[in-house]
Amino acid sequence: MSTLSLNLQNCYGITNLSYDFDFNNKDAKNRPIQKAYAIYAPNGLMKTSFAKTFSDLAADRQPKEERFNRTASASVLWDDDAIQPDQIYVLGAEVDLSTRTEAVTSLLVNQTQKAEYDKLVKELNALQSKLETELQKASGIKKADVETTLCKDMATGQDFIAAVQAALKIELNNDYAAFKYQDIFEPEALAILQSDDFIEQAEEFTSRYLALFEHAGSIYKKGEFNPSQAAIALTALDKQGYFKPGHLVHLAGEAEPLDYQQLKEKLDEVNQTINNDARLQAIQKKLAKNVKTQAITSFIENQPSSTVELLLENTLPSKQQIFKQQLWAYYLQKSKHAQALLGDYTSNKSQLAEIEQQAAEESPQWLAAIELFNQRFVDMPFKLAVSNQTEATLGVAAAQLVCRFEEEDTNEQSAYKDYSSTDIKSANLSQGEKRAFYLLNFIFEVENRKRSGKPTLFVIDDPADSFDYKNKHAILHYLKDLADIDYFYQIVLTHNFDFYRSLANSFVNRTRSLMANHTNTGIELTEAKAVNNVFVQAWKSKAHTCDTILCATIPFTRNIIEYTKGDKEPNYLVLTSLLHWKEDTEQITVDGYWAIYTAVFGSAKTISNGSKTVIALIFEQADAVANNTEQPGMDLEQKLLLSMAIRLKAEKYMTNTLKAHYANPYYWSAATSNQFGKLLTEFKEQLPSSEAVSILEQVSITVSSNIHLNSFMYEPILDLTKDHLVQLYQGIKNL
């Protein structure tokens, strides 16, 4: 894409906005230029409306005008063709933790491994399905519940293969062909079998019950018509009014038909061997309760006494677990598919294990995305991780992101929270912390689109809103990375002027730094002028008595010289050597700096420690501030002092290290602008695997770009916490 032509009419709060965004990667002088725009828009002017309009387009919806019901239109052309919904991604200003992008799972799946893995498990799944069908018929359990029940009974967790293997190893001493698992272990039936009355009277009840079928004049026949069915039939006929018109029932073998009362008396006469005993009668009623319990009486009347005794013995509470395992063993040992499943599993086991191991150990793009979040968003109360790495990488389960909380003192894991709006809300996070977590979706979406090579326009609405400065610069750094992707384009909207200025100073070209203004006809976007405003703050009255303030005046003095005499003036270059590690940095004394300071400000004061080097004074004062654990916070001069010391020590470390790895030993002192950035780039190219890269990047993100004079001056440094600066300083010292 080279041009995005925009024409919006009555889109939410935008009455009219037309603009051509030129995304050509060369400027008018044929110099490289990033494909990104920054728009500064005061609150309430257009930001939210602009983002909502593009959200509608991304969802293939027509934007609306909600307030006055005017007709809305949105023409957005990408090189003269209508932009497609999947070419747009909107990062809204509102934190929405309930929305979870599918890019999380898509990014995690290793497609090559998944295809190979799926091929192997497809046959296993087919064989397991056939086996489950067999087990369903043999046991009476629903097919969907077979795996869970078998694994539970065999105590193999969720491992179906292990459960089958365990069952096949069981030695059986009885024939269980007549036993149906579901009929026996159905809760209502099992409750009767386990009752004290039944356990005590089982043998007598069984004997008398079976005698009913042999009784002279019995109306019952095993397997066809039993006492329970007779009672149900009599009740049903009576309830339906069968006997009221005078209808009779003629029983086989009887000379005369019977009315209701005669039939009832006949049944009572046949059943008297049980009915005469109250406890046996109670058992009979319980067994006749419903179809689930009637299965037990059917079993008793249709099986030989030895089989019934086997049932009664094995349903005792102490023997039930073993009985369950024996039933499964019988079903599986009679199965046609159990051995086929195990054979296929055995032949592919090593290959499956190898793929799973690779999936568990590899570090695909998702790991880089999570590490990116964990490293760049500092001072978060949690670290992110994926709890089911193997399954997610193979695509057999959705990725389960967790934010892992750690105790501040013991560094022990204290809680896990699944990636969901409910969990995050209950975690008591600040708005900035919630927003950082919300941005993880954005990071995953970006990484997923990078992998697919999908050209995308990113519309980003105030990504730094509600963040402190260290995390605002983390976002800035990520957006800069985004701008380096050839097929990515971005429009960043913000009402935070400091963040806007940072975009312009970082990677958004000044010609693409726009300001939104309200006109009589709608919204107008114009190129911004004078993005950097000057703010002056000095410690003139205390500079000669306070070493910390004296050191803090160095960047201020250097800026004044730059503004009045230029950056080629000798004193400017001397002070540059106090803010960046140069060849002469260790030779400049306090007296030398004080002479420059007094020349600029006309001070007649004298100063102590004149013979000491300035760099020694900076590090000495930085150590004192860092070691002062009694002070909960710091003044501006202390934060600025630590920031200077951090960058100086970082540059010293990189220059000394590069001397041993770089052909030109004077490279480190040759940079005339952005020395830290150039050193860091060279350091990462020469030593990409160095453990120091992570902390050096933190210096770049948090400190390096903040030691400047601007309209808000040191506001970014003021927003940094003492703990963060001290930790960063100690980390650099440890290098």
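The structure under discussion appears in the preceding block.
Let me begin by describing the structure that accompanies this report. Everything quoted here is computed from the prediction, not taken from an experiment. (Residues numbered from 1 in each chain as written. Predicted model: local features only at pLDDT ≥ 70, side-chain atom pairs only at ≥ 80, totals over all residues. Heavy atoms only, no water.)

Some thoughts on the overall build of the chain
Applicable threshold: Helix and strand assignments follow DSSP, with helices taken as H or I runs no shorter than four residues and strands as E runs no shorter than two, numbered in order from the N terminus. Methods summary: accessible areas were calculated by the Shrake-Rupley approach with a probe of 1.4 Å, and residue burial reflects only the protein chains presented.
Looking only at helices and strands, the chain features 32 helices and 13 strands. Carbon together with sulfur atoms contributes 47% to the accessible area of the chain, which is approximately 35400 Å² in total.

Here we look at the packing of aromatic side chains
The condition that has to hold: Pairs were defined over the aromatic rings of Phe, Tyr and Trp, the Trp ring being its six-membered one, requiring ring centres within 6.5 Å. Orientation was assigned from the angle between planes: stacked under 30 degrees, edge-to-face over 60, tilted for the rest. Both a distance and an angle decide whether a charge sits over a ring: NZ of Lys or CZ of Arg must be within 6 Å of the ring centre and within 35 degrees of the ring normal.
Tallied over the entire structure, the rule returns 26 aromatic pairs. Among the aromatic residues, those joined into a cluster by ring pairs are Tyr 176, Phe 179, Tyr 181, Phe 185, Phe 323, Trp 328, Tyr 330 and Tyr 331. In this arrangement the basic side chain of Lys 324 is found over the ring face of Phe 185, its NZ or CZ atom lying 5.2 Å from the centre.

Concerning the sheet that holds strand β13 (residues 523–527)
Selection rule: Pairing between two strands requires that DSSP report at least two bridges joining them. In this analysis, axes come from line fits to C-alpha atoms, helices being fitted only over the stretch in contact, and the angle between any two N-to-C directions falls in the range 0 to 180 degrees. Contact criterion: two residues are considered in contact whenever any of their non-hydrogen atoms come within 4.5 Å of each other.
In spatial order, the strands read β6-β10-β11-β3-β12-β13; together these six strands make up an open sheet with mixed pairing. Every other strand in the sheet has two partners, leaving β6 (88–91) and β13 as the edge strands with one partner each. When strand polarity is set aside, the average angle formed by the axes of neighbouring strands in this sheet is 20°. Alignment of strand β10 (residues 456–461) against strand β11 (residues 488–494), held across six bridges, turns out to be parallel. Bridge pairing in β11 links Val 459 to Ile 491. Docked against the sheet, helix α1 (residues 47–58) engages β6, β10 and β11, running at close to 145° with respect to β10.

Some words on the pairing of strand β1 (residues 3–11)
Across eight bridges, the pairing between β1 and strand β2 (residues 14–22) is antiparallel. Paired with Gln 9 across the bridge in β2 is Asn 16. With antiparallel pairing between neighbouring strands as the criterion, β1 and β2 make up a hairpin whose turn holds two residues, including Tyr 12 at a positive phi of roughly 55°. Across six bridges, the pairing between β1 and strand β4 (residues 73–78) is antiparallel. Note that in β4 the partner of Leu 4 across the bridge is Trp 78.

Some details on helix α24 (residues 570–579)
The cut-off we apply is this: The rule is simple: take the accessible area with a 1.4 Å probe, protein chains only, and divide by the maximum for that residue type; under 20% is buried, over 50% is exposed, in between is partly exposed. Between N or O atoms, a polar contact is any pair within 3.5 Å; within protein, one atom must be a potential hydrogen donor and the other a potential acceptor, and residues adjacent in sequence are included only when both atoms are from side chains.
Buried within α24 are the following residues: Tyr 572, Leu 575, Thr 576, Ser 577, Leu 578 and Leu 579. Put simply, Glu 569 is the residue that caps the front of α24, since its side-chain oxygen is 2.7 Å from the backbone nitrogen of Asn 571.

Notes on the pattern of salt bridges
Two side chains that carry opposite charge are able to pair once their charged atoms sit near each other. Worth spelling out the cut-off: The term salt bridge refers to a pairing of a side-chain nitrogen on Lys or Arg with a carboxyl oxygen on Asp or Glu at a separation within 4 Å.
Scanning all chains against the criterion turns up eight salt bridges. Asp 56 is paired through a salt bridge with Arg 61; the nearest N and O atoms lie 2.8 Å apart. Note on Asp 56: relative accessible area 5%, which makes it buried.

A look at the environment of Ile 355
Along the chain, Ile 355 turns up in helix α16 (residues 338–361). Overall, Ile 355 belongs to the buried group, its relative accessible area being 3%. Taking C-alpha positions, Ile 355 is 8.4 Å from Glu 116, a pair spaced 239 residues apart along the chain.

Overview of the side chain of Thr 149
Inspection of the secondary structure assignment puts Thr 149 in helix α4 (residues 143–154). Every residue in contact with Thr 149, bar those within four places of it in the chain, is listed here: Ile 141, Tyr 181 and Trp 328.

Focus on the environment of Glu 132
When you line up the elements, Glu 132 lands in helix α3 (residues 111–139). Taking relative accessible area as the criterion, Glu 132 reaches 11% and is therefore assigned buried. For Glu 132, the contacting residues outside a window of four places in its chain are Lys 143, Val 146, Glu 147 and Phe 160.

What about unusual backbone geometry?
Trans peptide bonds make up most of the peptide bonds, and negative phi angles are found at most residues other than glycine. Not every positive phi belongs to a glycine, and Asp 80 is a case in point at roughly 75°. Position of Asp 80 among the secondary structure elements: in the loop between β4 and β5 (81–82). By relative accessible area, Asp 80 is classed as exposed at 69%.

Remarks on the state of the cysteines
What counts is decided by this rule: The criterion for a disulfide is a pair of cysteine sulfur atoms lying within 2.5 Å.
Summed over the entire model, instances satisfying the criterion amount to zero disulfides. Free of any disulfide, Cys 546 has its nearest cysteine sulfur in Cys 551, 8.7 Å distant. Looking at Cys 546, the relative accessible area reads 24%, which means it is partly exposed.

Points about the sheet that holds β4
Across a sheet, strands are paired by hydrogen bonds formed along the backbone, either parallel or antiparallel in direction. Taken together, the four strands give an open sheet; going across it, the order is β2-β1-β4-β5, and neighbouring strands pair in antiparallel fashion. The open sheet has two free edges, formed respectively by β2 and β5, since each of these has just one partner strand. As defined by bridge partners, β4 adjoins β5 across two bridges and the pair is classed as antiparallel. Paired with Leu 77 across the strands is Ala 82, a residue of β5.

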